[in-house]
Amino acid sequence: RVAGGDLETRIEPQGPEELREVASAFNAMAGELELARQRLDAERRRLATTVQSLGDGLIMVGADGAVTMCNPRACQLVSDLRPGVAPAVVGLALPPVDQALREELLIQHGERTLALTAAVLEDGEPGVVWTMRDATERARLERLKSEFVATASHELRSPLTSIKGFVELLAASPDLTPRHREFVDIIQLSTNRLVDLVNDLLDVARLEAGAVEVHRRPTDLTEVVDEVTRLLRPRLTDKRQDLHVEIAPDVPRALADPSRMRQVLTNLLTNAHLYTPEAGEVTVRLRATDDTVVLEVADTGRGMSAEELEHVFDRFARGAAEHGRTRGTGLGLSIVRSLVDLHDGRIDVDSTPGQGTTFRVGLQRAAPAGPGDARREALRGRRVLVVDDEPETAALIAQRLAPFGVETEIEHRGDVALARLRRERFDAVTVDILMPGMSGFEVLRAMRSDPALAGTPAVVVSVFSGREALSGEWVVSKPIDAEELADALGSAVLAGRVRVLACSRPEQREALRAVLDRLEITHEWAPSPESAAAACARHRFEVALIDAGLPDADAVVRALDLRGRRLHRSVVVFGDSNGRQGFARLDAEPLGLDDAGDTVLGLLRAADSVTTG
């Protein structure tokens, strides 16, 4: 009876002493089992009450993909959700489990934004427990913040664009006297510094929203070091600090965004200056390893304890400067860390209390320069329509493109520009976003929906960058960098939005990276079907490079969702052909590894019509 669940059963002790002792022990055991069951039932009821009253939704999904349990809050957030029904049936698209195990993910379900996390059941029946929170209000506030940042950045940076651009044009004039040229150089350096300061204020919010962009290209960091140290040297001199610059001979170019690297070095050098006492030393070093360009900033300041080192890159984490005073906003190093991460680089720090600190940034080396830049050559003789509501900025863009052999026409209104695009032939267009009347968004939407204009390359030149509405478009931020503008426009003319998804084994990755970097093709890595699907959900790709040697290559191909809007979408499979690595389009003969990048560019150039297949 006890084995059947009747724990109230007892035995009357009788017979020999040994049997009476056994009976007493049995009764004690049954009593303890009954108490344990009562406690277990009480805990189960308590847990059930807790789950039912949770403010967050809780869903348990079994191995077959169906819901095995859901609390009332989950049913409120997702209508028609009930045990026995798969979440997808009621329109709930759960994200990949491996991603939800690492971080909270946001998904859109109807008019609600839901924040999801996951936990895998390891005991008993296999399954996944999903925690669901209504993040609609949080998402709304994030959008409001983004709109505020965009508006504020437009108001702050538009005047700086004119100042920076025309000062650079003035500096290029051969009529300046040496004294005037010195003044212009100082204005130019100070303007760049002011631009960096404004960007620091805005980048914190953008980094938090995941909206900061870097435009990597082969960059001579020697010039970055020279510019930043020249600008900041007077500050160190005023504090009687010695600034040493040590640049190794023949340092190769790094694959980096020069404006962002100026920001990184400025923040690191400013940090060293603040935390180094008078008569101290600050050293900037630039050197290279086999595959990395290394930038170091070392100081002889107060150093950091182990606890400070643990939080050195946290936002608003500030140490005490000389004489115990707290200096800075505590944002500089967090911005540095985020920018280095966006470069796929690495940052390390070594520090000894009382002796000093060294920050070390490692960036990927750029491929050796070829005989010519196809992007610049592609601009020669092109006719480009510049659309910007500010006459000074439009004139500046035209001036910037003139040295590259570009013929420009200017319009200040979106509707007039669109009518002109439909009436005349232009090879490309640059467009501002925040314009009165017809905005740049509306101009782009009208172009992409018009078969006659859908293939026209467009470059967004605006302070407003990084939104989903611009996903896949070429974007150049204000203040305008002339080389960045030319590179983006030339790339757009050559191949529209050059964005390639590369899926390969680790041993193939370096060879493939070298080929794509040599041609400066924007690409993203995805080693698994799940990561490929997630990448396609985040970005629009025109070409996917698939390693046939992946154990789940077929699943990767099935997971692809190439959503490029202007170009024909293509899948290029590469693998082993006759014992050597090769590339093959699905309907073509294998090509050598060195031809991979040119193959991709060829596919992008060849397709000049919009397709949806």
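Remember, it's a predicted structure, so these values are computed and weren't measured experimentally.

Peer 1: Quick one: what's the story with the packing of aromatic side chains, residue by residue and with numbers?
Peer 2: Summed over all chains, the structure comprises one aromatic pair. For the cation-ring pair, Arg337 lies above Phe313, with the distance from its terminal atom to the ring centre recorded as 5.0 Å. One Lys or Arg, Arg383, reaches over the ring of Phe426 and ends 4.2 Å from the middle of that ring.

Peer 1: Lay out the state of the cysteines with the relevant residues and their values.
Peer 2: This structure, assessed with the given rule, holds zero disulfides. Between Cys70, a free cysteine, and Cys75, which holds the nearest cysteine sulfur, the sulfur-to-sulfur gap is 3.6 Å.

Peer 1: Describe in detail the packing of helix α6 (residues 221–238) against helix α7 (residues 258–274), supporting the description with residues and values.
Peer 2: At a closest axis distance of 10 Å, the pairing of α6 and α7 adopts a crossing angle of 35 degrees. Regarding α6 and α7, the two cross each other, and that crossing is right-handed. Taken together, the residues of α7 that come into contact with α6 (itself represented by Leu221, Val224, Val225, Glu227, Val228, Thr229, Leu232, Arg235 and Leu236) are Pro258, Met261, Arg262, Leu265, Thr266, Leu269, Thr270 and His273. A class-by-class count of the residues in the contact of α6 with α7 yields ten nonpolar, four polar and three charged.

Peer 1: Could you give me a rundown of the packing of helix α12 (residues 414–423) against helix α13 (residues 440–449), with the residues and numbers involved?
Peer 2: Contact geometry of α12 with α13 gives a least axis separation of 9 Å together with a crossing angle of 20 degrees. In terms of orientation, α12 lies roughly parallel with respect to α13. Note on packing geometry: the crossing formed by α12 with α13 is right-handed. Here Gly414, Leu418, Leu421 and Arg422 of α12 come into contact with α13, specifically with Val443, Ala446 and Met447. Within the contact of α12 with α13, the residues separate by chemical class into five nonpolar, one polar and one charged.

Peer 1: How would you sum up the pattern of salt bridges? Please name residues and give values.
Peer 2: It is possible for side chains of opposite charge to pair when their charged atoms get near one another. Per the counting criterion, the structure on display carries 32 salt bridges. For the salt bridge of Glu246 with Arg285, the shortest nitrogen-to-oxygen distance reads 3.2 Å. On the criterion of sequence distance, the pair formed by Glu246 in strand β7 (residues 242–247) and Arg285 in strand β9 (residues 281–288) is long-range, its members being 39 residues apart. Look at Glu246 and you get partly exposed, because its relative accessible area is 40%. Residue classification places Arg285 among the partly exposed positions, given a relative accessible area of 28%. Arg413 serves as the salt-bridge partner of Asp415, at 2.7 Å between the closest nitrogen and oxygen. Salt bridges sharing common partners tie together Arg383, Glu407, Glu409, Glu411, Arg420, Arg423 and Glu424.

Calculation notes
Residues numbered from 1 in each chain as written. Predicted model: local features only at pLDDT ≥ 70, side-chain atom pairs only at ≥ 80, totals over all residues. Heavy atoms only, no water. Phe/Tyr/Trp six-rings, centres within 6.5 Å; stacked < 30°, edge-to-face > 60°. Lys NZ or Arg CZ within 6 Å of the ring centre and 35° of its normal. Disulfide = S-S within 2.5 Å. Axes fitted to C-alpha atoms, helices over the stretch in contact; angles between N-to-C directions. Helix = DSSP H or I, 4+ residues; strand = E, 2+ residues; numbered from the N terminus. Left-handed = near helix turned anticlockwise from the far one by under 90°. Contact = heavy atoms within 4.5 Å. Nonpolar A, V, L, I, M, F, W, Y, C, P; charged D, E, K, R; others polar. Parallel < 35°, antiparallel > 145°, perpendicular 65-115°, else oblique. Salt bridge = Lys/Arg side-chain N within 4 Å of Asp/Glu carboxyl O. Buried < 20%, exposed > 50% of the residue type's maximum accessible area, 1.4 Å probe, protein only.

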